[in-house]
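# Survey of secondary and tertiary structure
Here is what each chain is made of, one letter per residue.
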Amino acid sequence: MDALCGSGELGSKFWDSNLSVHTDNPDLTPCFQNSLLAWVPCIYLWVALPCYLLYLRYHGRGYIILSHLSRLKTVLGVLLWCVSWADLFYSFHGLVHGRAPAPVFFVTPLVVGITMLLATLLIQYERLQGVQSSGVLIIFWFLCVVCAIVPFRSKILSAKAEGKISDPFRFTTFYIHFALVLCALILACFREKPPLFSAKNVDPNPYPETSAGFLSRLFFWWFTKMAIYGYRHPLEEKDLWSLKEEDRSQMVVQQLLEAWRKQEKQAAQHKAAAAPGKNASSEDEVLLGARPRPRKPSFLRALLATFGSSFLISACFKLIQDLLSFINPQLLSVLIRFISNPMAPSWWGFLVAGLMFLCSMMQSLILQQYYQCIFVTGLKFRTGIIGVIYRKALVITNSVKRASTVGEIVNLMSVDAQRFMDLAPFLNLLWSAPLQIILAIYFLWQNLGPSVLAGVALMVLLIPLNGAVAVKMRAFQVKQMKLKDSRIKLMSEILNGIKVLKLYAWEPSFLKQVEGIRQGELQLLRTAAYLHAISTFTWMCTPFLVTLITLWVYVYVDPNNVLDAEKAFVSVSLFDILRLPLNMLPQLISNLTQASVSLKRIQQFLTQDELDSQCVERKTISPASLPAAPSLGLPP
């Protein structure tokens, strides 16, 4: 990087710690400002562009008319492109006249100019695709403004120190560039009109998030009106918004049903390919078991095919939030070292405190976006499963109806579908909890050394205990669901024959049967609750025990180990991060065991025999072929 700036009229190194760190008046070198700092927004836009164009290609909503706002955005983009090319031509002009500008004065205006032209074209392409508010461009303009703040200050201080402006042309073009970028950021925050040929929304109470801008979605401003109205008045059904189109049952159920039909078709093709008349070359191969086992349709794969994209988006949010959670302990360590060093510049403390606040704010924003995404996905889970089971119940054969009563089918739609909705918020912990535990142990190892192995050993010893508890809870869950099905089946029979039951005074006998089944359920629920309490108590105590044992071993294993403020506070913050996945693990294990039982029950019901739709004869009868109504002999 020094080669870009070390020669010519700039004559600057890329990085100088004496100028940027070890001083009371920090500043970045001119080379850093004119190279990497100017390239950061450009790199972001070029990296995000392929994925964003692919998204726009499949999510077009019709074009938006060329409004005054769109014209103004385009004019600003063209002006920014002209300013960048003016800098480039000025560098060539200096080269012709023997001033020999540094190479960075050729590279940076070229990169920035092409990027500004790309941003201008993207504004028009978004308009043609019906994008009312662009999050990609808002972040791009925001990065441009943030990265231009440092040169904004640096040029003023340099001109004030020297008493004159060393390069008036580039000084002027930079501040024109800064003003244009700031205006572009402000204009990008405003939302465009709806697309011209979009479907007219006749809903009297539409969902406001669909028409909200990027900042409104990011900070949930679209919900503010409902929160204020709910605070002032009791909410009624007419006050609630309608669902988004993609969240409605007709969309969700149809998508899941198509994925399930695809699984059934693949299973049928696999079964046909494994038939003995086609693959088995001889009778001996069939008898010896050379024929592959037929594959059953997987309802889990159908769920993943339908809701996999939503879980992928939520996983991205969760990954970013998990990584951000480990930044604050490192910043806390830097802050404590700054406090203990009286010779450190005061701006270090303000910088670290500001970074901690910014990191916490970003973590909170991303976490709330994750929660909204994952809870909406859980509701889609429940909606899709209920709809698929209901449609299956309409086409099952009479033999299946005798085996699966109405009560059992209702149980599938109410209890088993709810299990998946309860599991959805914890599902990302399957990879997130190990990631957080590994990172926490890694940073604790750097802070406390091998003493952290004592806490790890305690966690490893608790894994078999919780594994045994999970196996027992799963067995109890299977038994409980069987008892619940038998109880609901008995209750359905009682209600269907209530007249006979009352006539012969059989109420005590049937009441005894229902109470017997219910007592068995209560016994299983009581045992499962005890096991769940043991598991939860164990994992709740684990973070405290791990912290206590680790710090005790660290202090007593070596007399030279001193538990100072930095090690204590940083270790406690890392153990606090470690506590969350450890506390959620028992709930995850419990929900996984319940959902696995429900998955088998639902898949067993969906694979039952259906009525043959081809066995129904459909005839079209014209009104002329109908017999005439008999005359009653009444006078007209």
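Refer to the structure above for everything that follows.
Scope of this entry: the structure provided in the associated data block. (Residues numbered from 1 in each chain as written. Predicted model: local features only at pLDDT ≥ 70, side-chain atom pairs only at ≥ 80, totals over all residues. Heavy atoms only, no water.)

What follows concerns the side chain of Thr-115. Mapped onto the fold, Thr-115 is located in helix α6 (residues 104-128). Discounting residues that sit within four places of it in the chain, Thr-115 has contacts with Cys-42, Leu-45, Trp-46 and Phe-140. (Helix = DSSP H or I, 4+ residues; strand = E, 2+ residues; numbered from the N terminus. Contact = heavy atoms within 4.5 Å.)

The geometry of an aromatic ring pair comes down to the distance between the two centres and the angle between the two planes. Applying the stated criterion across every chain, the model contains 29 aromatic pairs. Between Phe-152 and Phe-178, the ring centres sit 4.8 Å apart and the planes meet at 40 degrees, which makes this aromatic pair tilted. Remark: Phe-178 occurs in helix α8 (residues 168-188) and Phe-152 occurs in helix α7 (residues 135-162); sequence separation between them is 26 residues. For Phe-152, a relative accessible area of 30% translates into the label partly exposed. Look at Phe-178 and you get buried, because its relative accessible area is 15%. (Phe/Tyr/Trp six-rings, centres within 6.5 Å; stacked < 30°, edge-to-face > 60°. Buried < 20%, exposed > 50% of the residue type's maximum accessible area, 1.4 Å probe, protein only.)

The next point concerns the nonpolar core. Counting 33 residues, the largest nonpolar core has Leu-45, Met-116, Leu-137, Phe-140 and Trp-141 as its most contacted members. Of all the secondary-structure elements, those providing two or more residues to this core are α4 (36-58), α5 (68-96), α6, α7 and α8. It is α8 that contributes the most residues to this core, 9 residues altogether. Once you skip the residues sitting within four places of it in the chain, Leu-137 turns out to touch Ala-119, Leu-122, Ile-123 and Glu-126. (Core = buried A, V, L, I, M, F, W, Y, C linked by side-chain atoms within 4.5 Å.)

The next subject is helix α22 (residues 565-606). Structurally, the α-helix is built with 3.6 residues per turn, so residues lying three or four positions apart point the same way. Its 42 residues place the ends of α22 60 Å apart at the C-alpha level, agreeing with the 62 Å of an ideal helix rising 1.5 Å per residue. Along α22, the sharpest change in direction is near 30 degrees and occurs at Leu-585; proline Pro-586 comes one to four residues later. (Expected span 1.5 Å × (residues − 1). Bend = angle between axes of the 7 residues up to and from the residue.)

Even without being glycine, Phe-220 reaches a positive phi, approximately 60 degrees. With respect to the helices and strands, the residue Phe-220 is situated in the loop between α9 (214-219) and α10 (224-232). Even without being glycine, Ala-505 reaches a positive phi, approximately 60 degrees. Within the fold, Ala-505 resides in the loop between α20 (498-503) and α21 (507-557).

Here we come to α5. If you check α5, its first and last C-alpha atoms are 42 Å apart, about what 29 residues at 1.5 Å a residue would give, namely 42 Å. Backbone geometry just downstream of α5 places Gly-98 in the positive-phi region, at approximately 85 degrees.

A few words on the pattern of salt bridges. Taken as a whole and judged by the stated rule, the model has 17 salt bridges. Lys-238 serves as the salt-bridge partner of Asp-239, at 3.5 Å between the closest nitrogen and oxygen. Given a relative accessible area of 13%, Asp-239 falls into the buried group. By relative accessible area, which is 61% here, Lys-238 ends up exposed. In this structure, Arg-261 engages Glu-610 in a salt bridge whose closest nitrogen and oxygen atoms are separated by 3.4 Å. Of this pair, Arg-261 sits in helix α11 (residues 249-273) while Glu-610 sits in the segment after α22, and the two are 349 residues apart along the sequence. (Salt bridge = Lys/Arg side-chain N within 4 Å of Asp/Glu carboxyl O.)

A few words now on the environment of Glu-610. Residue Glu-610 is classed as partly exposed on the basis of its relative accessible area, which comes to 30%. Spatially, the C-alpha atom of Glu-610 lies 9.2 Å from that of Asn-398, the residues being 212 residues apart in sequence. Beyond its immediate sequence surroundings of up to four residues, Glu-610 is in contact with Arg-261, Glu-264, Lys-392, Val-395, Ile-396 and Thr-397. A polar atom in the side chain of Glu-610 sits 2.7 Å from the side chain of Lys-392. (Polar contact = N/O pair within 3.5 Å; in protein donor to acceptor, adjacent residues only side chain to side chain.)

Let's shift gears to the packing of α7 against α8. Their axes nearest at 9 Å, the elements α7 and α8 cross at an angle of 150 degrees. In this view, α7 runs roughly antiparallel relative to α8, as classed from their interaxial angle. As for how α7 packs across α8, the hand of that crossing is left-handed. For the pair α7 and α8, the contacting residues are Ile-138, Trp-141, Phe-142, Cys-144, Val-145, Ala-148, Ile-149, Pro-151, Phe-152, Lys-155 and Ile-156 in the first and Phe-171, Phe-174, Tyr-175, Phe-178, Val-181, Leu-182, Ala-184, Leu-185 and Ala-188 in the second. Each residue belonging to the contact of α7 with α8 can be placed in one class, and the counts come to 19 nonpolar, no polar and 1 charged. (Axes fitted to C-alpha atoms, helices over the stretch in contact; angles between N-to-C directions. Parallel < 35°, antiparallel > 145°, perpendicular 65-115°, else oblique. Left-handed = near helix turned anticlockwise from the far one by under 90°. Nonpolar A, V, L, I, M, F, W, Y, C, P; charged D, E, K, R; others polar.)

The N-to-C vectors of helix α13 (residues 299-325) and helix α18 (residues 429-448) enclose an angle of 15 degrees; their axes lie 11 Å apart at closest approach. If you check the angle between α13 and α18, you find them roughly parallel. Crossing geometry of α13 relative to α18 is assigned as right-handed. Residues Ala-315, Lys-318, Leu-319, Asp-322 and Leu-323 of α13 touch α18, and the partners they reach there are Trp-431, Ser-432, Leu-435, Gln-436 and Leu-439. Here the contact of α13 with α18 is composed, by residue class, of 6 nonpolar, 2 polar and 2 charged.

Taken as a whole, this structure holds 0 disulfides when the rule is applied. Lacking any disulfide linkage, Cys-51 is separated from the closest cysteine sulfur, that of Cys-316, by 10 Å. When its relative accessible area of 60% is taken as the criterion, Cys-51 is described as exposed. (Disulfide = S-S within 2.5 Å.)

Our next topic: the environment of Pro-543. Topologically, Pro-543 is positioned in helix α21. Placed 32 residues apart in sequence, Pro-543 and Phe-575 show a C-alpha to C-alpha distance of 6.8 Å. Among all residues touching Pro-543, those that are not within four sequence positions of it are Arg-579, Leu-582 and Asn-583.

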